[in-house]
Amino acid sequence: MILPPVVKLLDPQSPVVTFQVVVPLQGLSPADTDIALVLGQAMATQTDDYTVGRVRTIVSGSGDDLHATLSTDSLRISFSVPTVDINLGYSLLASVLQHPDLSDEAIKGALGALKPRVSTPFQLILDPRVHDISVVKAKDVQRLYAILVRPERITIGIGGPVTPTDVDEAVSTRLKDWTLPRVPASYADHSQDRLSSSTGTTFSLLGLTGPSFKGSDPGLAAKFLAAFALGCGKGASVFKIWRESLHLSYLQTCGIVGSPDGFRLNAWFAREGSDGLTDQVEAARKALVASLDGWAEADRTRAIAMAESVLLRGLDLSPFSFQPYGPLSNSVQDRTFLATYWRAKTGTDWDPRALLERFKPVQLTDLKAAATEFLTQAKPNILHP
Amino acid sequence: MLSLIAALALAPPPIDQPARLRTILSNGSVVLVEPHFEAKSITIDLFASSRGAEDSPKSHGWRHLLEHLLVRGRKGGVDARLEAVGGFLRAETLRDATAIELELPPDQLALGLEIVAEMLHYPEVTAETIKNEVPILKEEIAIEADSARLANAGWTANYAALGLDPLGDVARIAEATPEALTDLYIRHFRAPNLVLVISGPIDLDGGTKLGTELMARLPGSPVRLKGTPRVAHPQSKFDASAPGSAITIPVGPFDSRVTAATLAVTLVFASEHPGCFVTYTPSTQAGLITVGTATNRDLPALAITADADTFESLFDRGRRLAQGWLGRQMTDARSSTFLRGLLLVQSANATPEKLEEAVQHFTLEDYRAGIDAIKQGTVVRGNR
C-alpha cells in the first residue's frame with residue numbers, strides 16, 4: 001500500500017492540531033474543476049462514519065471548521081481539533097479521505113449549499129473563473145473522487161504540538177487498508193473556462209496578471225523577491241506609486257498565486273467607480289514600470305528584510321496567495337497548508353530559511369529585470385462593479 | 001543606551017517572573033509588559049481610548065483621519081525606518097479606541113519606542129495634508145467589507161449616533177481643519193486615555209522601565225474623561241448597503257455571562273450554516289454581536305431567528321465554539337496582546353481572563369437568554 005506524503009509542522013505552542021490535505025488539480029478540464037468544487041464541499045460535510053453534526057462537534061473547540069477551498073491549482077481540505085482530541089482528528093481525516101459521503105442525497109446537499117454562495121471580489125481578482133455546477137451529478141463526483149483522491153496524488157499536512165514519529169504511525173495505521181476504487185477511463189472534454197468580469201459589488205478591481213513560471217525556474221528567487229519589493233509593506237512600489245502618488249486606491253498589493261504549471265505574480269488595486277478602467281490600469285502599469293528606474297539598493301535590502309520577517313518571524317504580510325481568499329496568514333492552519341502545498345507543488349520540503357538564503361544574492365539589476373518582465377508582460381485583469 | 005535596550009530584548013527568560021506587569025502612572029497612562037519568550041518578534045501596541053473624543057455626526061471620521069495622519073510620523077518616513085529592518089506598522093480606528101501596532105525584530109525595541117515617542121507628539125497637519133488624505137480615505141470607505149456594512153447598519157439601528165462606523169463619512173472628513181484635528185488629538189491622546197503594551201521576547205522589568213520612562217514624560221493628571229455611555233434603543237429592521245442579511249444583537253459588557261452565551265448561540269448558527277460570519281469586538285460598554293451572511297444570498301436573516309429555538313440542544317457545542325473563538329483571539333503573542341490592550345484601555349480591570357470566565361461558566365439559562373436576545377435582534381437587510 002502506498003501512503004501519501006505527510007508533511008509535519010511542529011508548533012508546540014499551538015492549542016490545536018490542524019489537518020490539511022492538498023489535492024493538486026493540474027491537467028483538470030474546466031468542467032472537471034467545477035466538479036472538484038462539489039467534491040470538496042461533499043468531502044467537507046460528512047462521511048460514512050461521521051454525520052455532519054458529529055463532524056461539527058468534533059471541530060467545534062478549535063475555532064475552525066471542516067472546509068474545502070478550490071484555488072487556481074489545487075483543492076484544499078482543512079480542519080482542526082483541540083490538541084486533546086488529536087486521535088479523533090486522525091480518525092476524521094482517514095474517514096474524510098476514504099469514506100466521504102458521495103451519495104446522491106449528499107451531492108444534492110452539497111449543490112444546495114454551494115449554489116447560493118458567491119465569491120468575494122477579492123477571490124475573483126485572484127481567480128476570475130466562474131464555476132457552473134448546475135449539471136453536476138453524483139456519478140461525476142464519484143468519478144472525480146476516484147481519480148483525484150488517491151495516496152499517490154494527494155499530500156497530507158499535520159501541524160501543531162505533534163511528534164513526527166507519532167504522526168507517521170497514526171496516519172499509517174489509519175490509511176494502510178485504504179481500498180482504492182479503480183481509476184476511471186479518461187474521456188474527451190472540450191469545456192472552456194468561464195471568467196467573471198464583475199466584482200458583484202460597488203467598486204472595481206484592476207489587476208495585472210503575470211506570465212506563469214515553474215518552481216524549477218532559475219529566476220524564481222528574483223521573481224519572488226520582486227513580489228516583496230513591489231507589494232509587501234508601505235515602502236513597496238504599489239503602495240508608494242498607486243496609493244501615495246496617484247491616489248488610485250486604499251488597498252493594493254502584489255502577490256504570488258499558483259498556476260496549473262507553476263506560479264504567477266499578480267498585482268491589483270481596488271478602486272471606487274467604473275469609468276475609464278482600461279486606461280487606469282494601463283496608467284497604473286506605466287507609472288509602476290517607470291518607478292523601477294528609481295529602485296536603489298535600499299529597495300532591495302528592504303525587500304529582503306521584509307521577506308525575512310515574513311518567512312522567519314511570521315509577519316502577517318505574506319505575498320503567498322495559494323488559497324482563494326488571498327494571502328496566507330501566520331496561523332498554524334495556513335503555515336501547515338503552505339508547507340503541504342509546497343511539497344505537493346514542487347516535490348521539495350518547504351524551507352523558509354533556505355528560500356531566504358536564495359533571495360540574498362539577488363542583485364538589484366536582476367530584481368529590476370524580474371519586476372520589469374512581470375509588469376510589461378502582465379495581462380490586464382479588470383473586474384467592473 | 002541602545003545596547004542596553006537590545007540586551008533587554010534578547011534577555012533569557014528569568015525564573016519566577018509574573019506573566020505580565022501592569023503599571024499605572026501618575027499621569028493616568030498605563031504600561032503593560034508581557035514577556036513571550038517563544039515569540040519571534042516584539043509587538044508594541046499604543047491604544048488611545050475614544051473617551052471624550054468620540055465621533056459625532058458632525059465629526060464623523062475625524063478620528064480615522066487623525067489615525068492616518070498620525071502614523072506618518074512627525075518627521076515622516078516612519079514606514080521606511082521600520083521596513084528597512086523588517087518591521088511593520090498597522091493602525092486601526094475602532095469605536096472604543098484607536099490602536100497603533102508595531103511589529104519588530106527582537107533587537108529593534110529601541111526603534112519601536114522611538115517611533116511610539118513620535119506618535120505621542122502631534123504631527124504637522126496642514127489643509128494640504130488633509131486634502132491629500134481624503135481621496136485615500138474615500139477609497140478605504142468604498143471597499144468596506146460587506147460583513148462590516150451589515151454590522152455597521154446594526155450599530156446605527158441600535159445605538160444611533162453612539163454607534164457610528166469608525167471609518168467615517170467622506171463628506172464630514174473633508175470638512176476637518178488642522179485646528180479641529182489638533183483639538184481632537186489633545187482630547188484623544190491625553191495621558192489618561194493611553195495604554196502602551198510591549199510584548200515578545202523581552203525582560204519584564206527592563207521592558208517596564210523603558211515603557212514607563214517613555215509614558216511618564218507625558219503631561220497629565222490621572223483623571224479620566226467621562227465618555228458617553230452607549231445605551232441601546234433597538235429597531236426591529238434596518239437596511240444596509242450590502243448584499244445578504246444579518247441579525248444584530250445588542251449585548252452587555254464583555255464579561256457578562258449572557259454576552260458570552262449570546263456569542264455561543266450565534267457561533268452555533270454559523271457552524272450550522274457555512275458561509276455565515278459572526279462579528280464581535282469585546283467592549284466594557286454595551287456592544288453588538290452580528291451574525292449574518294454576505295455570500296449566501298438565499299439565506300435570509302430571519303432563518304437565524306427561526307432556527308434559534310432548535311439550538312438549545314447544541315448548548316455544549318456552543319460553549320466549545322465560544323472557547324474556540326476566544327482561543328483564536330489569543331492564538332499568539334501578538335493577538336493576545338492586542339486583546340489585552342484593547343480591554344485595558346477601556347478599564348484598568350478589564351482582562352481576557354474575565355471573558356474566559358464568562359465563556360467557561362455561562363449556564364443553560366444564560367444560553368436561553370442568548371436565544372431570546374437573537375429572536376429580538378435587529379434584522380438588517382442588505383439592499384443590493
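The rules behind the values
- Residues numbered from 1 in each chain as written.
- Chains lettered and ligands numbered in written order.
- Predicted model: local features only at pLDDT ≥ 70, side-chain atom pairs only at ≥ 80, totals over all residues.
- Helix = DSSP H or I, 4+ residues; strand = E, 2+ residues; numbered from the N terminus.
- Rg over C-alpha atoms; globule rule 2.2 N^0.38 Å.
- Buried ≥ 20, exposed ≤ 12 C-beta atoms within 10 Å, placed from the backbone.
- Contact = placed C-beta atoms within 7 Å.
- Pairing = 2+ DSSP bridges.
- Nonpolar A, V, L, I, M, F, W, Y, C, P; charged D, E, K, R; others polar.
- Core = buried A, V, L, I, M, F, W, Y, C linked by C-beta atoms within 7 Å.
- Axes fitted to C-alpha atoms, helices over the stretch in contact; angles between N-to-C directions.
- Parallel < 35°, antiparallel > 145°, perpendicular 65-115°, else oblique.
- Left-handed = near helix turned anticlockwise from the far one by under 90°.
- pLDDT = per-residue confidence, 0-100.
- Arc of directions from axis to C-beta.
- Expected span 1.5 Å × (residues − 1).

Observations concerning the overall build of chain B
Helix and strand content of chain B: 15 helices and 11 strands. For 384 residues, the compact-globule estimate of 2.2 N^0.38 gives 21 Å, and chain B sits close to it at 21 Å. Projecting the C-alpha coordinates of chain B onto the three principal axes gives extents of approximately 65 × 55 × 40 Å. Within chain B, the proportion of its 384 residues that are buried is 53%. Put simply, of all contacts in chain B between residues at least 6 apart along the chain, 83% involve residues at least 24 apart.

Focus on the overall build of chain A
Within chain A, the secondary structure is distributed over 14 helices and nine strands. Relative to its length of 385 residues, chain A is compact, with a C-alpha radius of gyration of 21 Å against a globular reference of 21 Å. The dimensions of chain A, computed from C-alpha atoms along their principal axes, are 60 × 45 × 35 Å. Among the 385 residues that make up chain A, the fraction classed as buried is 52%.

Some points on the pairing of strand S10 (residues 287-293) of chain B
Residue and element names in this part refer to chain B. Across the seven residues of S10, seven count as buried, placing the element largely inside the fold. Burial along S10 is two-sided: Gly287, Ile289, Val291 and Thr293 facing one way and Leu288, Thr290 and Gly292 facing the other are all buried. Two elements, strand S8 (residues 245-251) and S10, share seven bridges in a ladder whose sense is antiparallel. Among the inter-strand pairings, Val251 is bridged to a residue of S10, identified as Gly287. Relative to S10, strand S9 (residues 277-279) runs antiparallel, the two sharing three bridges. Residue Val278 lies in a different strand from S10, and its bridge partner there is Val291.

Points about the interface of chain A and chain B
Listed as interface residues are 40 residues of chain A and, on the opposing side, 36 residues of chain B. By residue number, the principal contributor to the side of chain A that touches chain B is helix H11 (residues 297-313) of chain A, which donates eight residues. Across the side of chain A that touches chain B, the residue classes break down as 13 nonpolar, 17 polar and 10 charged.

Section: the nonpolar core
Across soluble globular proteins, nonpolar side chains show a tendency to be buried alongside one another. Counting residues in hydrophobic clusters, the biggest one holds 175 residues, and the most contacted among them are Val141(A), Leu225(A), Ala226(A) and Val238(A). The element best represented in this core is helix H8 (residues 220-231) of chain A, accounting for nine residues. Among all residues touching Leu225(A), those that are not within four sequence positions of it are Ala303(A), Ala307(A), Phe359(A), Val362(A) and Leu367(A). Of all hydrophobic cores here, the second largest spans 52 residues; its members include Val258(B), Val268(B), Leu314(B) and Ala322(B).

A short note on the sheet that holds S8(B)
All names here are of chain B. Read from one edge to the other, the open sheet built from five strands follows the order S7-S11-S8-S10-S9, with strand pairing classed as mixed. Of all strands in the sheet, those bounded by a partner on one side alone are strand S7 (237-240) and S9. For this sheet, the mean inter-axis angle between neighbouring strands, taken without regard to orientation, is 20°.

Comments concerning the sheet that holds strand S7 (residues 252-259) of chain A
Residue and element names in this part refer to chain A. Spatial strand order, S7-S8-S6-S9: four strands in an open sheet with antiparallel pairing. Only two strands of the sheet have a single neighbouring strand rather than two, namely S7 and strand S9 (379-383). In this sheet, adjacent strand axes meet at a mean angle of 25° when their direction is disregarded. Of the strand pairs in this sheet, S7 and strand S8 (residues 262-272) are connected by eight bridges, and their pairing is antiparallel. Paired with Thr253 across the strands is Trp268, a residue of S8.

Focus: the environment of Ala270(A)
Assignment of secondary structure puts Ala270(A) in strand S8. Residue classification places Ala270(A) among the buried residues on the basis of 25 C-beta atoms within 10 Å. In this structure, the C-alpha to C-alpha distance between Ala270(A) and Phe203(A), residues 67 residues apart in sequence, is 6.9 Å. The residues touching Ala270(A), leaving out its near neighbours within four places in the chain, are Phe203(A), Leu205(A), Ser249(A), Leu251(A) and Ile143(B).

A short note on the packing of helix H10 (residues 257-272) of chain B against helix H14 (residues 352-361) of chain B
Residues and elements named next belong to chain B. The N-to-C vectors of H10 and H14 enclose an angle of 65°; their axes lie 8 Å apart at closest approach. One finds that H10 runs roughly perpendicular with respect to H14. The interaxial crossing formed by H10 with H14 has right-handed handedness. Facing Arg257, Thr259 and Ala260 of H10, the residues of H14 in contact are Ala358, Val359 and His361.

Topic: the packing of H10(B) against helix H15 (residues 364-375) of chain B
All names here are of chain B. Between H10 and H15, the shortest axis-to-axis distance is 8 Å and the interhelical angle comes to 65°. Both H10 and H15 take part in a crossing whose hand is right-handed. Taken together, the residues of H15 that come into contact with H10 (itself represented by Arg257, Val258, Ala261, Thr262, Ala264, Val265 and Thr266) are Asp366, Tyr367, Ala369, Gly370, Ile371, Ala373 and Ile374. In terms of residue class, the contact of H10 with H15 is made up of nine nonpolar, three polar and two charged.

Section: the confidence of the model for chain B
One rule of thumb: low pLDDT means the predicted coordinates there are not for detailed reading. When pLDDT is averaged along chain B, the result is 91, and 95% of the positions lie at 70 or above. Across the interface, the model reports ipTM at 0.90; the global pTM reads 0.93.

Describing helix H8 (residues 178-188) of chain B
Residue and element names in this part refer to chain B. Along H8, the residues that are buried comprise Leu181, Leu184, Tyr185 and His188. Summarising the axial view, the buried residues of H8 lie within an arc of 100°, below the 170-degree limit, and thus occupy one face. In this structure, H8 carries Glu179, Thr182 and Ile186 as exposed residues pointing more than 90 degrees from its buried face. Buried positions along H8 lie against strand S3 (42-49), helix H2 (62-70) and strand S5 (97-104).

A few points about the environment of Met119(B)
Residues and elements named next belong to chain B. Position of Met119 relative to the elements: it lies in helix H4 (residues 109-119). For the pair Met119 and Leu46, spaced 73 residues apart in sequence, the C-alpha separation works out to 8.9 Å. Residues within four places of Met119 in sequence aside, it is in contact with Leu46, Leu70 and Ile100.

A short note on unusual backbone geometry
A positive phi angle, near 55°, is found at His247(A), a position not held by glycine. Secondary-structure assignment places His247(A) in the loop between helix H9 (237-245) and S7. Judged by C-beta crowding, with 15 C-beta atoms within 10 Å, His247(A) ranks as partly exposed. Despite not being glycine, Ala160(B) shows a phi value in the positive range, around 45°. Inspection of the secondary structure assignment puts Ala160(B) in the loop between helix H6 (146-159) and helix H7 (170-174).

Quick word on the environment of Lys58(B)
For Lys58(B), the position within the fold is in the loop between S3 and H2. Considering only alpha carbons, one finds Lys58(B) and Glu175(B), 117 residues apart in sequence, at a separation of 9.2 Å.

A short note on helix H14 (residues 364-377) of chain A
Residue and element names in this part refer to chain A. In this model, H14 (14 residues) spans 20 Å end to end at C-alpha, consistent with the 20 Å of a helix rising 1.5 Å per residue. Taken together, the buried positions of H14 are Leu367, Ala370, Ala371, Phe374 and Leu375. Down the axis of H14, the buried side of the element spans an arc of 120°, and every buried residue falls inside it. Of the exposed residues in H14, those oriented more than 90 degrees away from the buried face are Thr365, Thr376 and Gln377. Tucked inside the fold, the buried residues of H14 contact strand S6 (203-209), H8, S8, helix H10 (277-292) and H11.

Digging into the pairing of strand S11 (residues 378-382) of chain B
Remark: a regular strand shows side chains that alternate across the two faces of the sheet. Residues and elements named next belong to chain B. Most of S11 sits out of view: four of its five residues are buried. Summarising the sheet, S8 and S11 pair through four bridges and their orientation is antiparallel. Looking at the pairing, Ser245 lines up with Arg381 of S11.

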